[in-house]
Amino acid sequence: MLSQNTIEIVKSTAPLIAQAGPTLTAHFYNRMFNHHPELKDIFNLTHQNTGRQREALFNAVYGYAANIDNIEVLLPVVEKIAHKHTSFNITAEQYQIVGTHLLATIDELMSPGQEVLDAWAEAYGLLAQVFINREEEIYQANEQQQGGWRGTREFKVIEKTVESSVITSFIFEPIDKKAVVSYKPGQYLGIYLNSDKLENQEIRQYSLSDAPNGKTYRISVKREDNGIASNHLHNEIQVGDTVQLAVPAGDFFFNTENNKPVALISAGVGLTPMLAILESIKETHSANIHWLHAADNVERHAFSQIISDYAEQQENLTQQTWYKDKHGFMNLNDVNSIDWIATDFYLCGPIEFMQFVASQLIDKHVPEANIHYECFGPHKVL
């Protein structure tokens, strides 16, 4: 437990953190990478360049300082970050590195004095231990499951399928041909890419796009214009190539009772976790399932035929699609068959899309507890 003096000092300096803004985290990352360039093999440098990771870290640091006397408020965020960290195989030693450079950054930018630095060191140490403990629990649980492992495991690409003009699927089978750990539909897979054509190791998390089968994993990846990893996968990774994979992870997954209606709402490649959910529940879910998807155009629309086939085969499954070039943005007023109050809604897509859809759901008085969402990349609150 933190001393009352530490709590008061950290809370009192929270406004300084807010005033520093992402400048603080930019200084932190630059400092840390200068001292530990090997960490560039872990961090997504694209998110560094766009500022998304810096913004996410700033929000986390400020959120911790502002709520240090009520840590329970932060537990959902801890769970989300802990899952992401296990996908990166983060270690306790790396928390020490982060702590060293975070404190040095506060000192160099703010010169708050030793008492403040000591308080922040105590506060960071407590938070780091919370993460270390939770991540160790996840690591051990993954190891102990049937087909589980710790660290990374070598897999071979056994299928590569073009799903649309921008999305390609990859199916991975373990080299040892042994079972693979199951996962909850909605979770993601960590992939480690190493090549002479890449400046650094690239680690990415891609949503699993199929129901668990105990033998293989499938991801479906959108080619991003400036995406180092996605372009490498599309251009370089072929059937027969090998990659290293981490155990599936993530705190976003399907968790709705069998007799409760669900709506799976997505845009673009955001349909991948929704497809894993649909493939997992389509034959057993007794209540209505609504598939609502938005795409730029028909050429970019992946898995359209298979969803249409499922809708024709199942009375409780309905689908509706909005093409931006023909219909504009998704308008939930066009949907008449949903019980807005009784349905669980799962959202995934660009953050602006999810914010737009969430505002429509709120206008329809959907309970907040019924709205579940996944952000690709650093997390944001809708």
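Residues numbered from 1 in each chain as written. Predicted model: local features only at pLDDT ≥ 70, side-chain atom pairs only at ≥ 80, totals over all residues. Heavy atoms only, no water.

Draft legend 1. Representation of the overall build of the chain within the structure. Helix and strand content of the chain: twelve helices and eleven strands. The globule rule puts the C-alpha radius of gyration for 382 residues at 21 Å, and the 22 Å found for the chain is close to it. Each principal axis of the C-alpha atoms in the chain carries an extent, and together these give about 70 × 50 × 40 Å. For the chain, long-range pairs separated by at least 24 residues make up 75% of all intrachain contacts whose partners lie at least 6 apart in sequence. For the chain, the accessible surface area stands at approximately 18000 Å², while carbon and sulfur atoms represent 49% of it. Here the chain contributes 28 positive and 47 negative side-chain charges, whose respective centroids are spaced 5 Å apart. (Helix = DSSP H or I, 4+ residues; strand = E, 2+ residues; numbered from the N terminus. Rg over C-alpha atoms; globule rule 2.2 N^0.38 Å. Contact = heavy atoms within 4.5 Å. Areas by Shrake-Rupley, 256 points an atom, 1.4 Å probe, with all protein chains shown as cover. Lys, Arg positive; Asp, Glu negative; His and termini not counted. Charge placed at Lys NZ, Arg CZ, Asp CG, Glu CD.)

Draft legend 2. Just helix α9 (residues 271-281), in detail. Of all eleven residues that make up α9, ten are buried, and the element is covered over most of its length. Every buried residue of α9 is accounted for by Leu271, Thr272, Pro273, Met274, Leu275, Ala276, Ile277, Leu278, Glu279 and Ile281. (Buried < 20%, exposed > 50% of the residue type's maximum accessible area, 1.4 Å probe, protein only.)

Draft legend 3. Examining the pairing of strand β6 (residues 242-245) more closely. Only one face of β6 is buried: it carries Val243 and Leu245, and the other face, with Thr242 and Gln244, is open. Strand direction decides the pairing type here: strand β1 (residues 153-162) and β6, joined by four bridges, are antiparallel. In the sheet register, Glu154 faces β6, and the bridge partner there is Gln244. Across two bridges, the pairing between strand β3 (residues 188-193) and β6 is antiparallel. Paired with Ile191 across the bridge in β6 is Leu245. (Pairing = 2+ DSSP bridges.)

Draft legend 4. Geometry of empty space enclosed by the protein. All chains considered together, the criterion is met by two cavities of 30 Å³ or more. Contributing to the lining of the largest cavity are Thr86, Asn89, Tyr139, Asn142, Trp149, Arg150, Gly151, Ala246 and Val247. Partitioned by chemical class, the residues of the lining of the largest cavity number four nonpolar, four polar and one charged. (1 Å grid on protein atoms, 1.4 Å probe; cavity = no way out; pocket = protein on both sides within 12 Å on 5 of 7 lines; lining within 4 Å. Points joined across faces, edges and corners; volume = space filled by probe spheres on them. Nonpolar A, V, L, I, M, F, W, Y, C, P; charged D, E, K, R; others polar.)

Draft legend 5. Fine view of the sheet that holds β3. Pairing in this open sheet of six strands is antiparallel, and the strands run β4-β3-β6-β1-β2-β5 from one edge to the other. Among the strands making up the open sheet, the edge pair consists of β4 (202-207) and β5 (217-222). The sheet shows a mean angle of 40 degrees between the axes of neighbouring strands, taken without regard to direction. Taken together, the six bridges between β3 and β4 define a ladder with antiparallel strand orientation. The residue of β4 that forms the bridge with Ile191 is Arg204. Here helix α8 (residues 228-235) sits on the sheet in contact with β1, β2 (167-174), β3, β4 and β5, set at roughly 80 degrees to β4. (Axes fitted to C-alpha atoms, helices over the stretch in contact; angles between N-to-C directions.)

Don't take any of this as a statement about function, it's just geometry.
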